[in-house]
Amino acid sequence: TVQENSKRNSAGLRFFEIGRRYLPVDGPKSLPDERRTVGIALCGPAEITWNSELSRPADFYDLKGIIETLLAGLKITRYRFTPTQHPTFHPGRCALLELPRYANDGEETLSPVGVLGEVHPVVQQRYDLPHRAYLCEIDLEALYAAIPAGQIYQPISCHQELTRDLAIVVDQQVAA
């Protein structure tokens, strides 16, 4: 998706997708472990400004900020990002998202529920991406389990957010 859309324009690309991921399970006749996940991708400029000279490329911290905004919206306050290595991601530019998990005895431990980072340069080259790309995948079931009980949410507004508003004053003789 990032590859195809990066061919069409130079604007910053932001994507997310919720779907199922199938993980192998030991045993020849075992069915795969089916997990619901959310994937997030960023590529290109961090924002589009009136003065394109001021725009900067998206980076790891933009992706981390999106995840922190998601966690704040879900009222999850206990989490941490831990450096890690992953073959898909650039060495030294990858982290695990860890959330609390509770054992039967009530003991809390932080365990990994997602991975995020900058795409490895080999992957970037393979997919002919013009900018550095940043990806994240989070296990939704583990994310939902970390939401504190008793949360009340409001529905999403049916009106689109306004990002620019222009007011133009013209002479009364101008018809349109």
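Our structure is the block above this text.
Residues numbered from 1 in each chain as written. Predicted model: local features only at pLDDT ≥ 70, side-chain atom pairs only at ≥ 80, totals over all residues. Heavy atoms only, no water.

Draft legend 1. Region of the structure containing the nonpolar core. Ranked by size, the top nonpolar core spans 22 residues in total, and within it Leu63, Ile67, Leu97, Leu99, Leu116, Ile138 and Leu143 carry the most contacts. Elements that contribute at least two residues to this core include exactly β2 (33-43), α2 (60-73), β4 (89-102), β5 (108-119), β6 (133-139) and α4 (140-145). For this core, the element with the most residues is α2, which contributes 4 residues. When neighbours within four sequence positions are excluded, Leu99 is seen to be in contact with Leu71, Ile76, Arg78, Tyr79, Thr109, Leu110, Ser111, Val113, Ala142, Leu143 and Ala146. Listed in part, the 7 residues of the second largest apolar core include Val2, Cys43, Val119 and Ala133. (Core = buried A, V, L, I, M, F, W, Y, C linked by side-chain atoms within 4.5 Å. Buried < 20%, exposed > 50% of the residue type's maximum accessible area, 1.4 Å probe, protein only. Helix = DSSP H or I, 4+ residues; strand = E, 2+ residues; numbered from the N terminus. Contact = heavy atoms within 4.5 Å.)

Draft legend 2. Molecular detail of the environment of Ala11. Assignment of secondary structure puts Ala11 in the loop between α1 (2-6) and β1 (13-23). With relative accessibility at 29%, the residue Ala11 sits in the partly exposed group. With 34 residues separating them along the chain, Ala11 and Pro45 place their C-alpha atoms 6.4 Å apart.

Draft legend 3. Region of the structure containing the sheet that holds β4. With antiparallel pairing, the 6 strands of this open sheet are ordered in space as β1-β2-β6-β5-β4-β3. Since the sheet does not close on itself, it has two edges, and those belong to β1 and β3 (80-83), each with one partner. The average angle at which neighbouring strand axes cross in this sheet is 25°, direction not considered. The pairing of β4 with β5 spans 10 bridges and is classified as antiparallel. (Pairing = 2+ DSSP bridges. Axes fitted to C-alpha atoms, helices over the stretch in contact; angles between N-to-C directions.)

Draft legend 4. Just the packing of aromatic side chains, in detail. Under the defined criterion, the tally for this structure stands at 2 aromatic pairs. Ring centres 5.4 Å apart and planes at 90° place the aromatic pair Phe60 and Tyr61 in the edge-to-face group. With a centroid separation of 5.8 Å and an interplanar angle of 80°, the aromatic rings of Tyr79 and Phe81 are classed as edge-to-face. Lying over the aromatic face of Tyr127, Arg126 brings its terminal NZ or CZ to 5.0 Å of the ring centre. (Phe/Tyr/Trp six-rings, centres within 6.5 Å; stacked < 30°, edge-to-face > 60°. Lys NZ or Arg CZ within 6 Å of the ring centre and 35° of its normal.)

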